[in-house]
Each structure stands twice: as C-alpha cells, then as structure tokens.
Amino acid sequence: MTNGNRRLDIVLALGAAALTLMPWYRIEGGYFGFGWIADFPSTAETAPGLLQITSHGKFWLVGVVLFLALAGLARSLRDPARRGRGLVLAGALGLLFLSLQGLAVSFTGWTWTISETLFGLLADGQPSMGAGAVLMSLVFVLLVAFGLAERGVMKGDAFIVGSISVLVFLVTVFVFYPIGSMFVGAVQDFDGSFNPDNFIRNAQDPGIWSLGCVSGGERCGVAWRTLFLAIMTALGSTLLGLAFALLSTRTHFPYKKGLRLLTVLPIITPPFVIGLALTLLFGRAGVVTEVVSGLFGLEPGRWLYGLTGIWIAQVLSFTPISFLVLIGVVEGVSPSMEEASQTLRADRWRTFVRVSLPLMKPGLANAFLIGFIESMADFGNPLVLGGSHGVLSTEIFFAVVGSQNDPSRAAVLAIVLLSFTLSAFLAQRLWLSGKNFATVTGKGDNGVHIALPRGLSVAVHAVAIPWMMFTVVVYGMILFGGFVKTWGLDNSLTLDHYARAFSIGFESGGIAWTGVAWNSFWTTMEIALVSAPLTATVGLLTAYIIVRQKFAGRNLFEFALMMSFAIPGTVIGVSYIMAFNLPPVEMTGTALILIACFVFRNMPVGVRGGIAAMSQLDKSLDEASLTLRADSFRTIRKVILPLMRPALNAALVYSFVRAITSISAVIFLVSAQYNMATSYIVGLVENGEYGVAIAYSSMLIVVMLAVITGFQFLVGERRLRRENRVAAAPRTPSVAIGQEKAV
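Because the structure is a prediction, the values reported are computed rather than measured.

## Brief notes about the overall build of the protein chain
When helices and strands are counted, the protein chain shows 33 helices and four strands. Intrachain contacts of the protein chain at a sequence separation of at least 6 include 73% that bridge at least 24 residues.

## Details of a nonpolar patch on the surface
Taken together, the side chains of Leu-70, Leu-73, Leu-89, Leu-93, Leu-96, Leu-100, Leu-103, Trp-112, Ile-114, Leu-118 and Phe-119 make up a nonpolar region of the molecular surface, amounting to roughly 1100 Å² of accessible area. Residue assignment for the nonpolar patch shows that the elements contributing at least two residues are helix H3 (62–75), helix H4 (80–104) and helix H5 (113–119). For the nonpolar patch, the element with the most residues is H4, which contributes five residues. Here Leu-89 is to be found in helix H4.

## Quick word on empty space enclosed by the protein
Scanning the model with the defined rule gives six cavities of 30 Å³ or more in all. As a volume, the largest cavity reaches approximately 110 Å³. Every residue lining the largest cavity is counted, 13 residues in all, and those nearest its centre are Phe-244, Leu-262, Thr-319, Pro-320 and Thr-471. Of all elements in the fold, only helix H12 (256–264), helix H15 (307–332) and helix H22 (454–481) reach the threshold of two or more residues within the lining of the largest cavity. Here the element with the most residues in the lining of the largest cavity is H15; it accounts for five residues.

## Topic: the packing of aromatic side chains
All chains considered together, the criterion is met by 29 aromatic pairs. When the centroid spacing of 6.3 Å and the interplanar angle of 45° are considered together, the rings of Phe-282 and Phe-470 count as tilted. Placement of the pair is Phe-282 in helix H13 (residues 273–282) and Phe-470 in helix H22, with a sequence separation of 188 residues. Classification of Phe-282 as buried rests on a relative accessible area of 18%. Plain terms: the ring middles of Trp-467 and Phe-470 are 5.6 Å apart, the flat faces sit at 65° to each other, and that makes the pair edge-to-face. Remark: Phe-470 and Trp-467 occur in helix H22; sequence separation between them is three residues, near one turn of the helix. In this structure, Trp-467 and Phe-470 share a single accessibility class: buried.

## Let's talk about the nonpolar core
Judged by nonpolar contacts, the single largest core of 204 residues is most densely connected at Trp-24, Met-136, Leu-143, Leu-278, Phe-470, Tyr-576 and Leu-700. The contacts of Tyr-576, once residues within four sequence positions are left out, are Phe-174, Pro-178, Asn-581, Ile-593, Ala-596, Cys-597, Phe-600 and Leu-669.

## Thoughts on helix H26 (residues 569–579)
The element H26 is extensively covered by neighbouring structure, given that nine of its 11 residues are classed as buried. Among the residues of H26, Gly-569, Thr-570, Val-571, Ile-572, Gly-573, Val-574, Ser-575, Tyr-576 and Ala-579 are the ones counted as buried.

## Quick notes on the pattern of salt bridges
Tallying each qualifying case throughout the model produces nine salt bridges. For the salt bridge of Arg-26 with Glu-586, the shortest nitrogen-to-oxygen distance reads 4.0 Å. With Arg-26 in the loop between helix H1 (3–20) and helix H2 (49–55) and Glu-586 in the loop between H26 and helix H27 (591–615), the pair connects residues that are 560 residues apart, well separated along the chain. The exposure class assigned to Arg-26 is partly exposed, which follows from its relative accessible area of 22%. Residues Glu-395 and Arg-409 are paired through a salt bridge, measuring 3.8 Å at the closest nitrogen-oxygen approach. Taken as a pair, Glu-395 in helix H20 (residues 392–401) and Arg-409 in helix H21 (residues 407–432) lie far apart in primary sequence, 14 residues in all.

## Considerations on the side chain of Thr-421
Checked against the element boundaries, Thr-421 lands in helix H21. Thr-421 gets classed as buried once you look at its relative accessible area, which sits at 0%. Other than its neighbours up to four places away in sequence, Thr-421 contacts Phe-372, Ile-373, Met-376, Ala-566 and Pro-568.

## Some details on the packing of H3 against helix H6 (residues 131–150)
At a minimum axis separation of 12 Å, H3 and H6 run at an interaxial angle of 35°. Of the two elements, H3 crosses H6, and the hand of that crossing is left-handed. Of the residues in H6, those touching H3 at Val-64, Phe-67, Leu-68 and Ala-71 are Met-136, Val-139, Phe-140 and Leu-143. When its residues are assigned to classes, the contact of H3 with H6 shows eight nonpolar, no polar and no charged.

## A short note on the environment of Phe-480
Along the chain, the position of Phe-480 falls in helix H22. The class of Phe-480 is partly exposed, set by a relative accessible area of 36%. Phe-480 sits 211 residues away from Gly-691 along the chain, and the two C-alpha atoms are 9.5 Å apart.

## Some remarks on the side chain of Thr-46
Here Thr-46 shows up in the loop between H1 and H2. Not counting chain neighbours up to four residues away, the residues in contact with Thr-46 comprise Pro-23, Ile-27, Trp-36, Asp-39, Phe-40 and Pro-41.

## As for unusual backbone geometry
A cis geometry characterises the amide bond from Phe-40 onward to Pro-41, with omega recorded as 0°. Checked against the element boundaries, Pro-41 lands in the loop between H1 and H2. Pro-584 follows Pro-583 through a cis peptide bond whose omega is 10°. Position of Pro-584 among the secondary structure elements: in the loop between H26 and H27. Backbone geometry places Met-154, a non-glycine residue, at a positive phi of 55°. Given a relative accessible area of 16%, Met-154 falls into the buried group. In this model, Lys-155 sits at a positive phi of 60°, which is unusual for a non-glycine residue. The residue Lys-155 is located in the loop between H6 and helix H7 (158–186) in this model. Looking at Lys-155, the relative accessible area reads 86%, which means it is exposed.

## Side note on the environment of Leu-684
Here Leu-684 lies in helix H32 (residues 677–686). Judged by its relative accessible area of 4%, Leu-684 is buried. Leu-684 sits 10 residues away from Ile-694 along the chain, and the two C-alpha atoms are 9.5 Å apart. Residues in contact with Leu-684, not counting those within four places in the same chain, are Glu-689, Val-692 and Ala-693.

## Structural notes on the packing of helix H11 (residues 222–249) against helix H18 (residues 361–377)
Viewed as axis vectors pointing N to C, H11 and H18 meet at an angle of 140°, and their least axial separation amounts to 8 Å. Considering their axes alone, H11 and H18 lie oblique with respect to each other. For the element pair H11 and H18, the recorded crossing hand is right-handed. Counting all contacts with H11, which are made through Thr-226, Leu-227, Leu-229, Ala-230, Ile-231, Thr-233, Ala-234, Leu-235, Ser-237, Thr-238 and Leu-242, the residues of H18 involved are Leu-364, Ala-367, Phe-368, Gly-371, Phe-372, Ser-375 and Met-376. Here the residues of the contact of H11 with H18 sort into 12 nonpolar, six polar and no charged.

## Details of the confidence of the model for the protein chain
Here the protein chain averages 82 in pLDDT, while 89% of its residues score no lower than 70. In this model, residues 730–743 is a region of pLDDT below 50 whose contacts with residues beyond four sequence positions or in other chains number 29 contacts.

## A look at the environment of Leu-143
Tracing the backbone through its elements, the reader meets Leu-143 in helix H6. Sequence-wise, Leu-143 and Ser-165 are 22 residues apart; in three dimensions their C-alpha atoms are separated by 9.9 Å. Non-local contacts of Leu-143, meaning those with residues more than four positions away in its chain, are made with Leu-8, Val-11, Leu-12, Ala-71, Leu-87, Val-88 and Gly-91.

Rules and cut-offs
Residues numbered from 1 in each chain as written. Predicted model: local features only at pLDDT ≥ 70, side-chain atom pairs only at ≥ 80, totals over all residues. Heavy atoms only, no water. Helix = DSSP H or I, 4+ residues; strand = E, 2+ residues; numbered from the N terminus. Contact = heavy atoms within 4.5 Å. Patch = residues over 30% accessible without salt bridge, like charges linked within 9 Å, V, L, I, M, F, W, Y side chains within 5 Å. Areas by Shrake-Rupley, 256 points an atom, 1.4 Å probe, with all protein chains shown as cover. Salt bridge = Lys/Arg side-chain N within 4 Å of Asp/Glu carboxyl O. 1 Å grid on protein atoms, 1.4 Å probe; cavity = no way out; pocket = protein on both sides within 12 Å on 5 of 7 lines; lining within 4 Å. Points joined across faces, edges and corners; volume = space filled by probe spheres on them. Phe/Tyr/Trp six-rings, centres within 6.5 Å; stacked < 30°, edge-to-face > 60°. Buried < 20%, exposed > 50% of the residue type's maximum accessible area, 1.4 Å probe, protein only. Core = buried A, V, L, I, M, F, W, Y, C linked by side-chain atoms within 4.5 Å. Axes fitted to C-alpha atoms, helices over the stretch in contact; angles between N-to-C directions. Left-handed = near helix turned anticlockwise from the far one by under 90°. Nonpolar A, V, L, I, M, F, W, Y, C, P; charged D, E, K, R; others polar. Parallel < 35°, antiparallel > 145°, perpendicular 65-115°, else oblique. pLDDT = per-residue confidence, 0-100.

The following block contains the structure:
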C-alpha cells in the first residue's frame, strides 16, 4: 500500500467517524465537557450525522454522505490523474454543499426567502455545526489537497498542498467570512431580512461625516476626528521612534540599555493604563494640576479629556513599537555608502539627508502604518480620556453594548474604520512597490556609521531625553497609584487594592483564590498559553510555505494572510459577533472564539518574523534533507525548526503578550464564564475603582516581564559580526561609545 493510499484511507476513515461516532451539531456545555456521552446517540441533540438523517428528519445532510461516498469511489481508481480529479471534485462539492446547507438552514428553518419559495416550509431547523460537521469540513479540505497532490501539484508533496489548503480554509473561515458577515449585517433587519434603510440612514449620519470643525462649527464628525487623530499619532510616534533609534545607534548616549527597557514597558502594558496614569498626573485632581493650581491660582481644567489627551496617551503607547521597527532599519544602512558619500566631499548633513534617510523609507513607512492602524484600533485610551470626543472604536462599542443597540450602525462605523486602515495599508504597499532599498549583501561591510550632524544630534537629544523622563514619570505614577487609598482625596499608602484583587485564603485544607481578580487572571493565562503556540505554529508554517515554495497565487496568498494585520481589532470584534453568534458556526461566549481571534489577529507578526528568519537560511539545507528522502514535514521538524528557534520564541512572546494586553477585539467577545483581564480592568475603571485597576495592571506587567525574561534566557544572545560603532565626532553631547548586540 502506497503512502498516498494510506493517507486517503485515514482521511476517509475520519469522514466515516464524523458521520457515525461524533455529535453532528453543537453540544451545549461544550464537546469536551463529555456530558453528552450519556445521551449519545439517542437524542436529537447528540446524534451523529447518519442518525440525524434517518431518525430526526435532517434530510438535507444526505448530500454530505453522497459526496463522501464519491470520494471513496475515486479512491478505488488506479490512474493517479483520474483518482486525483475525482478526489478534488468530491472534496470541493462536499465542502461547498456543507457550507451552503449550514448557511441556508438555521434554528427555525430556511434562512433565505428563496429557499422557502423553492422547497416550502421546513418542519424543523438545525443548530450550529458541532464536532462531527467540523471534522467533516476538514476531511473535505484534505480530500481536495490530496487530490491535487495526486495530480502533481507542488511536485506531489501532500504535506505542502495540505498545509496550504488548510491555511486557506482557516483564513477564509476566521478572517474573510466574519468581514463578509459584517457587510451583510449592515443591510439586514433584526429578523435577517434585507433592509438597506438602516445602512443608508447611518451612512448619511452627520455625526459621522460632519465637517463642522473645518467650516467653523463646533465639532467634526467621528470619522474625520478619528482620521485626524490617527495621522497625528502616526506622525508623532514615527518621529519619536526615529529619534530614539538615532539616539541608540548614531550617538554616544550612555544610557542605551535603559532606553531599551523603556521601549519594552508600553508593549507589555494594558492599553488603557497609560490613560489612567495621565489622569493621575493631569486630571482635575492630578498631581501636576494641583501643583499648577496652587502656584498660579488657576482653575483646574478638563483639557486632558479630549483629542489632546488621547493623542498624548497614544504617542506614549505606540512610540516604542515604532522604535523597534526603526532601530533595525537604521542599523541596516550600509556604512560603506555613507563613507562613499563623504569621500565625494558631502558633509554629514547632506549624507544623512541624501543617502541615509532615503534608505530608511521602508522602516518609516512601516512605522507610520503601524502607528496609524494602532491609533485607529485603540479602544482603551479613548475610553478613559475621550470624554465627549468619541472615536470610531468607542462609538462602535456603544452601538453594540450601549443603549443604542444598533448593529447596523456598528457595522457602518466598522466599515468606515476598515476602509481607512485598508487604504493606508494599500497606499504603503504601492509607495514601496518596485523600489529596492537593499544595503546588506553577501560582501563584507565592516565600516563605521558616521555621526549625526551636530544640529540633528542636539535636536534628537532635546526631543528624546525629555520624553524618556516623561515616560519614567508616567510609569512611576502607574506603580504608585496602586498603593494609594483614593487618588486625589486620600493619598496615604495602603496594600488594600492588591489584597482585594489577589488575596489568597485556605479552606478545607486547600488554597482558596479569594481575590476578585483571580478568575479573569487564570482565564487570561490559560487562553494566552493556548493561543500563543498555535499562533507561532501557524505563522512559521506559513512563512516556510511563502519563502520555500513556488505556486500560482503565492503573492495573493501572502497578501490575504497579512490583511488581517490591517484590520483593526474593533472591526474584528464586531465581525466575529455578527458571524459566530448564529449557525452555521456559533462560538460566542466560549473560549474558542477568543483563541481564534488571537491566533488570526496576531498571526501576521509570526509570518513576518518567520519570513525574515527563513530568508537567512540557505535553501540547500532543506534540499539536502529532501535528497536524503526525508519528506517536507520531517525536514521542517528536524532541520528548519531548530534553526528558527529565535523566530519561534519571538512569535511566542509576542502572541502571549498580545493575548494578555489586547482590548479592542476582546471587549466584544468576553463572557461571564470567559472574562479576560483587560475587559475586567475596563469594568473597574468604569466603576471608578482606579486603585484596584492599577494594581491588577501592575501584576500583569510583572507576569509578562517574567515570561519575556524566561524566553530571552532560553534564546540567549547572538552577536552580529558587524558591531554598531559610531564615528567620533567633535563636540557631541555624550562621551561613551555604545556597542550593540542583536538578540
């Protein structure tokens, strides 16, 4: 028996098991609760697919059985080409039929009016897909993949074809289907019927598109207000990130390690905590406000609660990300090019403007794009500091969970938000397409980066150092705020907030987690620890396929996977609610919807990191493994994966941290049973319990620092051959010469 036949037999056996041994529909309480076993297979709720057809009137499932039988017939064909064609046909038709019947029949009967007109009323509907239906979907996907492999696609490598097929299927289900559901939901009425009236009314709402601030009115529409804020945040974070990158790589600044530490803190901080710290500093009862009021007799104002306060908080939050993007770009500029410019008698300023800065364009564009998208998606800081000046993310939230209860308005606002971010994403790709910025080649390059022009060096120090001091003060307030009884009223020190959040008792000889935060804390840790390995696995497998395999549509495949990065978390949250709250796939209120959101929201970072790591590995390594008759799966496991350990750990750290600190999508998806830490802290803030909120946030920061330190210890350090040295320059503000390491 060949390997191909063995694979087909296993897949066909799984299909038979899905029809006969597993509940076809969703089990209340969860499949892995195993409470359904006592009733299996006698009741309609737990019956497998075959019994649903024969005993419970679900006649529309007959097509699934027929297409699986067709695949079994194709298996018996001897000609590989005909067998492959039969498998592709059976798998594709089976998957299409399974999807259509799931969409067409809901709890109460037909979903579409045309179905009811053609076939008449249904006596009964169907619940959402369960374990049996989900497994059968994967079986049909694998049948298509193995059929393509039989026909010689990807040189007949079933693992590669199967991986591509499964990835395309998962991205379709968890990225494109939710976005499509959101567009459909925008023109639907509450009963699911087509009704564009609400969409048209909301799309023409002056509160969204008003240009009052331009024409002399009092307020801008929320769309233009959000767009203006995103552009200003992206500009501010990019310029500050560039200043920090230049300070760290092109000057003799003596505190570079401290600078790097400051870049880590905002990344591992819950997104609204900086807004809280700014409130403790500049709010009506803030430290700075009271000092200024006492010295100058000024009435405390509310200037912080609006776009100004949101902008300051967002620049503080997103500058470190811009720095991390730009520092590698600044270091990557070839010193030999700068030396060649100086050899041709260009001074340092002309060299920087005409040579160095243009080579940094990709990094600057990426940093601007990240700042723009992060600002668009930011929910926590506008919630804390926005006041009456809402942005799209908060308006979407209140349209879903507030008194408005207007899903159509939420969908319209989400479409506007998605349009802005995708436009920026496409504009960045078009601007950089067809241009070559390569400066690192296989040739040796041990030159020394030139020092910055004196005026630019002074400006960089003048901007970066005060901002660093401001950041230190902000984080000092975060730590201090958790130890104060009532900020602004009673500043005496206390541990009551930490005790209320994380107290531990002993009951019946065991530990009792009595603190109010423990439930959400353990839930957050469990979901983060499950989603992080899945995110890293999917991201690195995708990177291997993109870098090492050549196939039609590869660029489209990469773009489709990366597009989820350009979709703001708020839009993801709304689209998941609209897509997965009803059949055919119902996941709202479960841990699975949170895990799926984290995996496919954070996957692009793992993909980009994997592509960068794969590009450094010579293709001859895996070619040698394949020559020695190892298949692709064994090659990845034994050769590629050990060499990509740093990228793997980086993907694990990032996905773990993002799962803990994410709020824009999570706020829509949490439930009473599965409440994440950030959502719980938002509730504390809304109830005015700032001390407990800051104490909880501080604990999360400590936990994430411990995890990151553990991963860094496992990865270790790797020295680059080219040290980042800066040429001596007269009258520079610093005296120490830094020496950088690449981690």
